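# Report on the structure
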Amino acid sequence: MPGAVLIRAGEVVTGVDIARKLRPSARSDAEMAKGPARLTSTLSLTRDDNGANLLSPDSPVRLLAGDPVPVESIHAGPRVGVATAMDRPWRFWIDSSAVSTYRRGGKRR
């Protein structure tokens, strides 16, 4: 039974000056939270935050609703670099320069 969502990238839309201090090596704003390691660094997350309930008001890490996005900018496809269940659209993303380019996983036949 699934019990979590893996958030692999983000886009800094407010607090860019704070994010720059946390990720001074980022070459551009779009690359500040592009990928899991950069995302956690930009958000100052550590292993102590693993398992945090992002919807709980008591959580130190919160996921809040943003503005709706147009349905045509939402995409789904197989997970990147995963050879199993390649026929399942378990990767979702919206049009953003902060999202890694899709590369098919698994062995080519």
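Every residue gets a number counted from 1 within its own chain, in the order that chain's sequence is written. Since the coordinates come from a predicted model, pLDDT governs what is reported: local features require at least 70, and pairs of side-chain atoms require 80 or more to be given and counted, while whole-chain, interface and lining totals use all residues. Excluded from the side-chain calculation are hydrogens and water; included are all heavy atoms of the structure.

### A word on the environment of Thr40
Defined as follows: Runs of E in the DSSP output that reach at least two residues are strands. Runs of H or I that reach at least four are helices, and both are numbered from the N terminus. Partly exposed describes any residue whose relative accessible area lies between the buried limit of under 20% and the exposed limit of over 50%, with all areas from a 1.4 Å probe on protein chains only and scaled to the type maximum.
Structurally, Thr40 is set in helix H2 (residues 36–42). Overall, Thr40 belongs to the partly exposed group, its relative accessible area being 32%. Sequence separation of Thr40 and Gly10 is 30 residues, and the distance between their C-alpha atoms is 9.5 Å.

### Here's the deal with the environment of Trp90
Definition in use: Here, residues are in contact when the closest pair of their heavy atoms is within 4.5 Å.
Tracing the backbone shows Trp90 in the loop between strand S1 (74–77) and strand S2 (91–94). For the pair Trp90 and Gly77, spaced 13 residues apart in sequence, the C-alpha to C-alpha distance is 6.2 Å. Every residue in contact with Trp90, bar those within four places of it in the chain, is listed here: Gly77, Pro78, Arg79 and Ala85.

### Structural notes on the environment of Arg88
Here Arg88 shows up in the loop between S1 and S2. When its relative accessible area of 45% is taken as the criterion, Arg88 is described as partly exposed. For the pair Arg88 and Pro78, spaced ten residues apart in the sequence, the C-alpha separation amounts to 5.6 Å. Excluding residues within four positions of it along the chain, Arg88 makes contact with Gly77 and Pro78.

### Quick word on the pattern of salt bridges
To keep things clear, this is the line we draw: Criterion for a salt bridge: a side-chain nitrogen of Lys or Arg within 4 Å of a carboxyl oxygen of Asp or Glu.
Per the stated rule, a full pass over the model turns up two salt bridges. Measuring nitrogen to oxygen at the nearest pair gives 3.4 Å for the salt bridge that ties Arg27 to Glu31.

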